[in-house]
Protein chains: 2
Amino acid sequence: MTENSLVEPQRGRNVLDRHLGRYAARTAGMTASEIRALFSVANRPEVVSLAGGMPNLAALPLETLSAQVAQIIAEDGLTALQYASAHGLPLLRDQICDVMALEGITAHPDDVVVTVGSQMGLDLVARLFCDPCDVVVAEGPSYVGALGSFAAYQAQVVHVAMDEYGLVPEGLRAALRRAGDAGQRVKLLYTIPNYHNPAGVTLAIERRAEILEICRTCDVLVVEDNPYGLLGFNGQIHPALRSLDPDNVVYLGSFSKTFASGLRVGWVLAPREVREKLVLAMESATLCPPTLNQVIVSRYLATHDWQGQIKMFRENYRERRDAMLSALERYLPPGCTWTKPDGGFYVWVTVPEGVDTKAMLPRAVAAQVAYASGTGFYTNGFGSRQMRLSYCYPTPERIREGVRRLAVVVRSEMDLARALGTAGPGIPVPRAPLTDLR
Amino acid sequence: MTENSLVEPQRGRNVLDRHLGRYAARTAGMTASEIRALFSVANRPEVVSLAGGMPNLAALPLETLSAQVAQIIAEDGLTALQYASAHGLPLLRDQICDVMALEGITAHPDDVVVTVGSQMGLDLVARLFCDPCDVVVAEGPSYVGALGSFAAYQAQVVHVAMDEYGLVPEGLRAALRRAGDAGQRVKLLYTIPNYHNPAGVTLAIERRAEILEICRTCDVLVVEDNPYGLLGFNGQIHPALRSLDPDNVVYLGSFSKTFASGLRVGWVLAPREVREKLVLAMESATLCPPTLNQVIVSRYLATHDWQGQIKMFRENYRERRDAMLSALERYLPPGCTWTKPDGGFYVWVTVPEGVDTKAMLPRAVAAQVAYASGTGFYTNGFGSRQMRLSYCYPTPERIREGVRRLAVVVRSEMDLARALGTAGPGIPVPRAPLTDLR
């Protein structure tokens, strides 16, 4: 959706940047993500976009919200439109503790910091902890916005493989060992335990304590990013990593997927000392999160059946997940595999060798379907045989049609690969052995 | 207003921070600002706070706004509550160009980036340009939030003196010369040309071109922070630095003082190449600015007499400025001097030698008046004989009463200094020769 994209080659490409010598070293790491660059194309109405991660807000009670916000401004406008604390409104921080209690978290409201979306939480955590060359361990693939923030602070991301049960503990151990042997300082494990973006898998309960133990032993702080935790399709809720090791986990939460993304209200729950630093970082980043938005969320939580609303969202996403899985089964050619998410927004698809999802993307868009190619979710060039398909936003009919179009493109790429003799084993396409998640 | 403050010594002081060895080097520079630490005390109703910079929103048309926002959510909720572009809504960027046109700025909406308050613009500019040890030249005194952001990116701030006509060009030349001689890289001049925070002075028109010329010659990018530019008490509007040198000025604007601070909507106007980097930095910082807030501002600008509203704000602030200046004249003891702002929020007061405004502050609060002591506006220990008085928020009566109480405290400090023999010339209190702004 940004204008700052590959689709505008005329503007900004041909002119020398006269400020080039002035930028900080970290700015060199700031490049347009493949996924963002694609948004402007994927937003054309004739294209079925399976690329973005926009939540489907259609189930929101707009009339009720409208009346509620009107009342907030009319009655409490002088407060709601004024600066407030960088820490976040006390009442909202209290309510956030109630939300987290669903995942087994016991927390003091003082240790919650409200942020402008959980992306800001991520960015501030990277700011607090990452010196240039520090290592952050993350799943491979991992959330593109996290990779961007770590790059912005010049940290190096080391990917650890997942399987269908999430992050592989042995892979984590090996990565930490290798980093130690190389004299690198691993600061953080960044992980999305539930309904992973983009992989769609969930960290098995029996692995959670083991991973926490590894991190504690190796003095690595765990950053648990959990925007989808309440979107389990059978109503299942997994214990948060934070609930198992309060002192060594920084937890990132968000109302973007359970209420409204455009309000940009997220939070960080952090050990107290870290929380104090986070409040200072918030002040530097934006003085305070928007007051009105916090009051809207707080009023909504206080007066609305928000858990019932989440159930509606869940059912909506489950219907779309079903549509996507059955369409994949029906249309995709043999040799393709994919994950089977039981919550969240995403399916991670692996195509046969010889097909490059990044190279295929323009042809898919020409065939009026868009996806996010896998390479954007790695910092090491992996993912060229993978793609993320989002089922969160389009209707089930559009999802089916999108997958049908995509299958045609994949088949045609496979035919081409066979004709060129590049299909099948032995092709030197970089890939992560454990990350195609069969 | 933050909990992370000096007033809570029990929490967080006595316990060792077990994460201490994990922080990035930049985190060492993150310390609670004196001004923020003071907010929780100054907010007690019995204390007249001349400390904060909260705009006075009482003149806002809350009923109209309430109806407008209700309509936005009811009719356009699915868009207004959804993610949008990191760049900012196109219509709003267009309208922002109209606002800036009042200051003589000709800009393309593409070169505007909407931020979460102009503090975020500041932070992102520091992020893009400041490597550790880079020098940022700023007025002495300067805006505390800017000093915090530069510190967060480990830049070194060099203060340049002001007089009643703002930044002194010869001082700027000398500072750049000294930095060059010391082999330092000066990246930015950070300046608040209009109704300076905290000094209350305005950069004379005849100095503007000269300062721009100095910066261009020395390859220093100018960051023009202009939240108060439309709040000149006689309706005067000065030409923005950006209007005089579009290619070498990054302009920061804000709706916090001309509309509503709690919406956190600001913007950056930057040369195109810098703007492209800013959009990427925005994505990393928060994905996108809150959509609802942008729509609210946009609708307000489109449907409301926003210039008439600014006129009301201005008259309100002028009345308060008048109350403060006449109270200072009436109550402050001889030997005190102060600036005479013709716009904005602040008066900068200098007390006689022997009085230390930082040490005096607890006694002032005990006497039920609060101010911001001058040292918080310097990175070099200067400002101990200065204080910032804000007249933006309290009523004229409260302002008069606050100044009356303050005068009692200052007199008593002067008496003490005389008794101890510390008053008068020759006392080794650090001070900037040109910055008491007589």
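Residues numbered from 1 in each chain as written. Chains lettered and ligands numbered in written order. Predicted model: local features only at pLDDT ≥ 70, side-chain atom pairs only at ≥ 80, totals over all residues. Heavy atoms only, no water.

**Some points on the relation of the copies chain B and chain A**
With an RMSD of 0.0 Å, chain B superimposes on chain A once it is rotated by 180 degrees and translated 0.0 Å along the axis. Accordingly, the operation relating the two chain copies is best matched by a two-fold axis. Considering only C-alpha atoms, the part of chain B nearest the rotation axis is Ala70 of chain B, at 2.6 Å. The share of interface residues of chain B whose copies in chain A are also at the interface is 100%, consistent with both copies meeting through the same surface. (Least-squares fit on C-alpha atoms with pLDDT ≥ 70 in both. Contact = heavy atoms within 4.5 Å.)

**Some thoughts on the pattern of salt bridges**
What the rule picks out here adds up to 44 salt bridges over all chains. One salt bridge in this structure joins Asp219 of chain A and Arg22 of chain B, with 2.9 Å as the shortest N-O distance. Taken together, the residues Asp219 of chain A in the loop between α7 (205-217) and β7 (221-225) and Arg22 of chain B in the segment before α1 (34-42) connect one chain to another. A cluster of three or more residues bridged by salt bridges with shared partners is formed by Glu170, Arg173, Arg177 and Glu210 of chain A. (Salt bridge = Lys/Arg side-chain N within 4 Å of Asp/Glu carboxyl O. Helix = DSSP H or I, 4+ residues; strand = E, 2+ residues; numbered from the N terminus.)

**A word on the nonpolar core**
In this structure, Phe255, Phe259 and Leu328 of chain A together with Phe255, Phe259 and Leu328 of chain B are the most contacted members of the largest nonpolar core, which totals 162 residues. Residues in contact with Phe259 of chain A, not counting those within four places in the same chain, are Leu57, Leu60, Leu65, Ile296, Val297, Tyr300 and Phe313 of chain A. Ranked by size, the runner-up nonpolar core spans 94 residues in total, among them Ala146 of chain A together with Ala86, Ala155 and Leu280 of chain B. (Core = buried A, V, L, I, M, F, W, Y, C linked by side-chain atoms within 4.5 Å. Buried < 20%, exposed > 50% of the residue type's maximum accessible area, 1.4 Å probe, protein only.)

**A short note on the interface of chain B and chain A**
Listed by partner, the interface residues are 100 residues for chain B and 100 residues for chain A. Carbon and sulfur atoms make up 55% of the area that chain B and chain A hide from each other, which totals about 8,600 Å². Inspection of the chain B/chain A interface yields four salt bridges. Linking Arg127 of chain A and Asp123 of chain B is a salt bridge whose minimum nitrogen-to-oxygen distance equals 2.5 Å. Where chain B meets chain A, there are 55 residue pairs in polar contact (both at pLDDT 80 or more). Breaking the side of chain B that touches chain A down by element, the ones donating at least two residues are α2 (62-80), α4 (117-129), α5 (144-152), α9 (256-260), α10 (272-286) and α11 (291-303) of chain B. The greatest single-element share of the side of chain B that touches chain A, amounting to 13 residues, is contributed by α10 of chain B. Of the residues that constitute the side of chain B that touches chain A, the class distribution is 50 nonpolar, 24 polar and 26 charged. (Buried area = accessible area lost by both parts, 1.4 Å probe. Polar contact = N/O pair within 3.5 Å; in protein donor to acceptor, adjacent residues only side chain to side chain. Nonpolar A, V, L, I, M, F, W, Y, C, P; charged D, E, K, R; others polar.)

**Observations regarding the sheet that holds strand β14 (residues 386-390) of chain A**
Residue and element names in this part refer to chain A. The four strands lie next to each other as β10-β11-β14-β13, forming an open sheet whose pairing is antiparallel. Edge positions in the sheet fall to β10 (337-338) and β13 (372-373), since each of these pairs with one other strand and no more. For strand β11 (residues 346-350) and β14, the ladder comprises five bridges, and the chain directions are antiparallel. The partner of Thr350 across the bridge, within β14, is Gln386. Lying over the sheet, helix α12 (residues 306-331) contacts β10, β11 and β14, oriented at roughly 15 degrees with respect to β11. (Pairing = 2+ DSSP bridges. Axes fitted to C-alpha atoms, helices over the stretch in contact; angles between N-to-C directions.)

**As for α7 of chain A**
Residue and element names in this part refer to chain A. For α7, the set of buried residues is Arg207, Arg208, Ile211, Leu212, Ile214 and Cys215. Along the axis of α7, the buried residues cluster in a sector spanning 160 degrees; they form a single face. Facing away from the buried side of α7, by more than 90 degrees, are the exposed residues Glu206 and Thr217. (Arc of directions from axis to C-beta.)

**Brief notes about the pairing of β11 of chain A**
Residue and element names in this part refer to chain A. With five of five residues buried, β11 is to be regarded as a mostly interior element. The alternating pattern of β11 places Tyr346, Trp348 and Thr350 and Val347 and Val349 on opposite faces, both of which are buried. Sheet topology note: the β10/β11 ladder contains two bridges and is antiparallel. Bridge assignment links Trp338 to a residue of β11, and that residue is Val349.

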